[in-house]
Protein chains: 2
Amino acid sequence: MASEDARSRRTALERDTGNGSKSAGAPPAGAAAQRHIPPASLDRLPVYLRVLTAMLGDGIERVSSDELAEAAGVNSPKLRKDLSYLGSYGTRGVGYDVAYLSGQISAALGLTLTWRVAIVGAGNLGRALAGYPGFGSRGFEVVALLDADPMVIGQEVGWLRISPVDSLEAVLAKTRANMAVLAVPAEVAQDLCDRLVESGITSILNFAPVVLQAPDDVQIRKVDMATELQILAYHAQRSQALRIAERARLAR
Amino acid sequence: MASEDARSRRTALERDTGNGSKSAGAPPAGAAAQRHIPPASLDRLPVYLRVLTAMLGDGIERVSSDELAEAAGVNSPKLRKDLSYLGSYGTRGVGYDVAYLSGQISAALGLTLTWRVAIVGAGNLGRALAGYPGFGSRGFEVVALLDADPMVIGQEVGWLRISPVDSLEAVLAKTRANMAVLAVPAEVAQDLCDRLVESGITSILNFAPVVLQAPDDVQIRKVDMATELQILAYHAQRSQALRIAERARLAR
DNA sequence: TGTTGTGAACCCTTTCACAGCA
DNA sequence: TGCTGTGAAAGGGTTCACAACA
């Protein structure tokens, strides 16, 4: 797997531990010299951001940790801990300013600049992703859609024209893509991953049901529906077994 | 949290209902009332299963924990620990029998019976899921595909005909679906979730970018590409910042 | 000999309780 | 008074080293 930071270089922009440094108020939005957000916490930030964005759309200006936690499906101490890794952006006795907090989370996630995404594979899945409204809306722009099938190359999908995957390297260079999504059959995923890495892509979202091998400095995340269903099956079978055992116990 | 839960004994699967069960020896694949697999471990079992299935297809009969771990992208102590929660299915000095081990993992996950899946939403994503080969092959059968759009209702997708979501309850009953996949816009996801729960569905895989609220006995898992991309963005931005800091340090 | 299975140490995550502050 | 921010405790997960054993 190409994650596991493992190395803690201490390059973390000086050591402003913020430990009691109340003078340092809110840092100017921008460079956001954040320090290492724990992975478990990082996984939840996008959820908070989405909830906050929805609240913003509803005209809600302030929110308490209880309310936000409720809407995000976590408990409030966990939420506050998570937010504390970013900084102290709330007001005691009051709560959080929705607009300000969502801005801070966006900054922490690196969404202040727009990421240029190439989608490799233009089957139903690739098209669904290309058309996904959540993409374009916030921080991500789909700049290329590629496929190997001569029948679909050249077709238009939304604003995009499907490019031949043969010219992957040229397309990546021309579009200056800095992220890639793999929505291709499992058999060709590793090969395409290699080509992406060779072209300098270091962030890959993989929908193919294979474990990709890549250098450690390449970040790969996997989305896999079969895996998710199998985990659901485990729980379902388990509670089913419990019900049967219970019934047997009662009948005894 | 007052569960008695005796500190785990030696073996993982004890409590056979004792109905004419053999004594020692390999347990008959079956109801395996297994004992609580830790969530973190559970998340990895599908990966192992997939790798093993691939090996089986390649005619590989035996595998060591090192080889399997390598292929699954984890380290070998972790793999062995994970497998130990299921039982002792390896042979010391030799390794694991690929066919046997994959059978045991399948059983542990509850894939011995076929789960009947209803897919709600027949857009590109829903169709991609309905046509996903990994579904039918591995313990899951798509038994219904539903949509709200009158223009697509009645269309055929593979073996399926798209049903009107208005008759969701009737379709679930007729097809005896016991799992559901939500591939619908965020705005209608909670409403459909409620209807699924009302109809007795307790396992839901949610692709809509919302946090669904449901009773505790309903298992919900979420798949969300926007979330995944945002996490990738964090890492990308971070290593970018590190490179810049490094360059500044060298220039100093 | 070679590899599995596992207690124990270590590390990360979550929870709790309350100090700190508007 | 009310809600945030955070040390400290509790709870899991991962790693390690090695005992067990074909």
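Parameters at a glance
- Residues numbered from 1 in each chain as written.
- Chains lettered and ligands numbered in written order.
- Predicted model: local features only at pLDDT ≥ 70, side-chain atom pairs only at ≥ 80, totals over all residues.
- Heavy atoms only, no water.
- UniProt positions renumbered as here; feature names shortened; annotations may be inferred.
- Near = heavy atom within 4 Å.
- Polar contact = N/O pair within 3.5 Å; in protein donor to acceptor, adjacent residues only side chain to side chain.
- Helix = DSSP H or I, 4+ residues; strand = E, 2+ residues; numbered from the N terminus.
- Nonpolar A, V, L, I, M, F, W, Y, C, P; charged D, E, K, R; others polar.
- Buried < 20%, exposed > 50% of the residue type's maximum accessible area, 1.4 Å probe, protein only.
- Pairing = 2+ DSSP bridges.
- Core = buried A, V, L, I, M, F, W, Y, C linked by side-chain atoms within 4.5 Å.
- Contact = heavy atoms within 4.5 Å.
- Buried area = accessible area lost by both parts, 1.4 Å probe.
- Salt bridge = Lys/Arg side-chain N within 4 Å of Asp/Glu carboxyl O.
- Expected span 1.5 Å × (residues − 1).
- Arc of directions from axis to C-beta.
- Axes fitted to C-alpha atoms, helices over the stretch in contact; angles between N-to-C directions.

- Looking at an unreviewed UniProt entry, chain A carries the name Redox-sensing transcriptional repressor Rex, with the source organism given as Arthrobacter yangruifuii.
- You can read under Subunit (unreviewed entry) in the UniProt record for chain A the words "Homodimer."
- As stated in UniProt under Sequence similarities (unreviewed entry), the record for chain A gives "Belongs to the transcriptional regulatory Rex family."

1. A closer look at the protein's contact with DNA strand D
Thought 1: By nearness alone, 25 residues border DNA strand D, and Ser65, Gly90 and Tyr96 of chain A together with Asn75 and Arg92 of chain B come closest of all.
Thought 2: By atom count, sugar and phosphate contribute 63% of the portion of DNA strand D lying within 4 Å of the protein.
Thought 3: Take Gly90 of chain A: an N or O atom from its main chain is 2.8 Å from a phosphate oxygen of DNA strand D.
Thought 4: One of the side-chain N or O atoms of Asn75 of chain B is found 2.8 Å from a phosphate oxygen in DNA strand D.
Thought 5: Listing elements by their share of the surface near DNA strand D, those giving two or more residues are α3 (76–84), β2 (90–91) and β3 (95–97) of chain A together with α1 (39–57) and α3 (76–84) of chain B.
Thought 6: For the surface near DNA strand D, the element with the highest residue contribution is α3 of chain B, accounting for 4 residues.
Thought 7: Residues of the surface near DNA strand D, tallied by class, amount to 7 nonpolar, 10 polar and 8 charged.

2. Looking at the pairing of strand β5 (residues 140–147) of chain A
Residue and element names in this part refer to chain A.
Thought 1: Among the 8 residues in β5, 7 count as buried, and that is most of the element.
Thought 2: Pairing between strand β4 (residues 115–120) and β5: 6 bridges, direction parallel. Among the inter-strand pairings, Trp115 is bridged to a residue of β5, identified as Phe140.
Thought 3: Judged from the 3 bridges that link them, β5 and strand β7 (residues 160–164) form a sheet pairing that is parallel. Within the sheet, the bridge partner assigned to Leu146 lies in β7 and is Ser163.

3. Things to note about the UniProt feature "DNA-binding region" (unreviewed entry) in chain A
Thought 1: Here, UniProt's "DNA-binding region" (unreviewed entry) annotation points to residues 47–86 of chain A.
Thought 2: Structurally, residues 47–86 of chain A comprises 70% helix and 5% strand, and the distance from its first C-alpha atom to its last is 15 Å.

4. Description of the nonpolar core
Thought 1: Counting residues in hydrophobic clusters, the biggest one holds 111 residues, and the most contacted among them are Ile105 of chain A together with Ile105 of chain B.
Thought 2: Listed in part, the 23 residues of the second largest apolar core include Val171, Leu172, Ala180 and Cys193 of chain A.

5. Notes on the protein's contact with DNA strand C
Thought 1: Neighbouring residues of DNA strand C: 26 residues in total, closest Arg44 and Asn75 of chain A together with Ser65, Arg80 and Tyr96 of chain B.
Thought 2: Take the atoms of DNA strand C that sit within 4 Å of the protein: sugar and phosphate atoms are 64% of them.
Thought 3: Between DNA strand C and Gly90 of chain B there is a distance of 2.9 Å, counted from a phosphate oxygen to a backbone nitrogen or oxygen.
Thought 4: Listed by contribution, the elements that provide at least two residues to the surface near DNA strand C are α1 (39–57) and α3 of chain A together with α3, β2 (90–91) and β3 (95–97) of chain B.
Thought 5: A per-element tally of the surface near DNA strand C places α3 of chain A first, with 4 residues.
Thought 6: When its residues are assigned to classes, the surface near DNA strand C shows 7 nonpolar, 10 polar and 9 charged.

6. Quick look at the UniProt feature "binding site: NAD(+)" (unreviewed entry) in chain A
Residue and element names in this part refer to chain A.
Thought 1: Residues annotated by UniProt as "binding site: NAD(+)" (unreviewed entry) correspond here to Gly121, Ala122, Gly123, Asn124, Leu125 and Gly126.
Thought 2: Mapped onto the elements of the fold, Gly121 is located in the loop between β4 and α5 (124–130).
Thought 3: On the basis of relative accessibility, which here comes to 4%, the residue Gly121 falls in the buried class.
Thought 4: What Gly121 contacts, discounting residues up to four positions off in sequence, is Gly126, Leu145, Leu146, Asp147, Ala183 and Val184.
Thought 5: Its location among the elements puts Gly126 in helix α5.
Thought 6: The contacts of Gly126, once residues within four sequence positions are left out, are Ile119, Gly121, Leu145 and Ala183.

7. Quick word on the interface of chain A and chain B
Thought 1: With 62 residues of chain A at the contact, the number on the chain B side is 63 residues.
Thought 2: The junction of chain A with chain B conceals about 5,900 Å² of combined surface from both sides, 66% of it contributed by carbon and sulfur atoms.
Thought 3: Three residues, Leu229, Gln230 and Tyr234 of chain A, lead the burial of chain A against chain B; their summed loss comes to 12% of the area buried on that side.
Thought 4: Put simply, chain A and chain B have 4 salt bridges between them.
Thought 5: Here Glu228 of chain A ties to Arg221 of chain B by a salt bridge, and the two come within 2.4 Å at their closest N and O atoms.
Thought 6: Across the contact surface, chain A and chain B share 12 residue pairs in polar contact (both at pLDDT 80 or more).
Thought 7: With 15 residues, the top contributor of residues to the side of chain A that touches chain B is helix α9 (residues 225–251) of chain A.

8. Regarding helix α8 (residues 186–198) of chain A
All names here are of chain A.
Thought 1: Taking 1.5 Å as the rise per residue, α8 with 13 residues should run 18 Å; its terminal C-alpha atoms sit 19 Å apart, in good agreement.
Thought 2: Listed as buried for α8 are Ala189, Leu192, Cys193 and Leu196. The buried residues of α8 occupy an angular sector of 115 degrees when projected down its axis, which confines them to one face. Among the exposed residues of α8, those pointing more than 90 degrees away from its buried face are Glu187 and Glu198.

9. Topic: helix α7 (residues 168–175) of chain A
Residue and element names in this part refer to chain A.
Thought 1: Considered for burial, the residues of α7 that qualify are Leu168, Val171, Leu172 and Thr175. Along the axis of α7, the buried residues cluster in a sector spanning 100 degrees; they form a single face. Exposed side chains of α7 directed beyond 90 degrees from the buried face belong to Ala173 and Lys174.
Thought 2: In this fold, the buried residues of α7 make contact with β4, β5, β7 and α8.
Thought 3: Arg176 sits one or two positions beyond α7 and adopts a positive phi of about 50 degrees.

10. As for the sheet that holds β4 of chain A
Strand pairing in a sheet relies on backbone hydrogen bonds, with the paired strands running either antiparallel or parallel.
Thought 1: Ordered by their spatial adjacency, 7 strands build an open sheet running β6-β7-β5-β4-β8-β9-β10 (chain A), and the pairing between neighbours is mixed. A strand with exactly one partner marks an edge of an open sheet, and here the two such strands are β6 (156–157) and β10 (219–222) of chain A.
Thought 2: On the sheet, α7 of chain A packs against β4, β5 and β7 of chain A and is oriented at approximately 160 degrees with respect to β5 of chain A.
Thought 3: Against the sheet, helix α9 (residues 225–251) of chain B makes contact with β4, β5, β8 (179–182), β9 (203–206) and β10 of chain A, and its axis sits at roughly 160 degrees relative to β9 of chain A, the strand it touches most.

11. Quick look at the sheet that holds strand β1 (residues 62–63) of chain B
All names here are of chain B.
Thought 1: Taken in spatial order, the 3 strands line up as β1-β3-β2 in an open sheet, and their pairing is antiparallel. Strands with a single pairing partner mark the edges of an open sheet, and in this sheet they are β1 and β2.
Thought 2: The pairing of β2 with β3 spans 2 bridges and is antiparallel. The residue bridging Gly90 from the neighbouring strand is Tyr96, located in β3.

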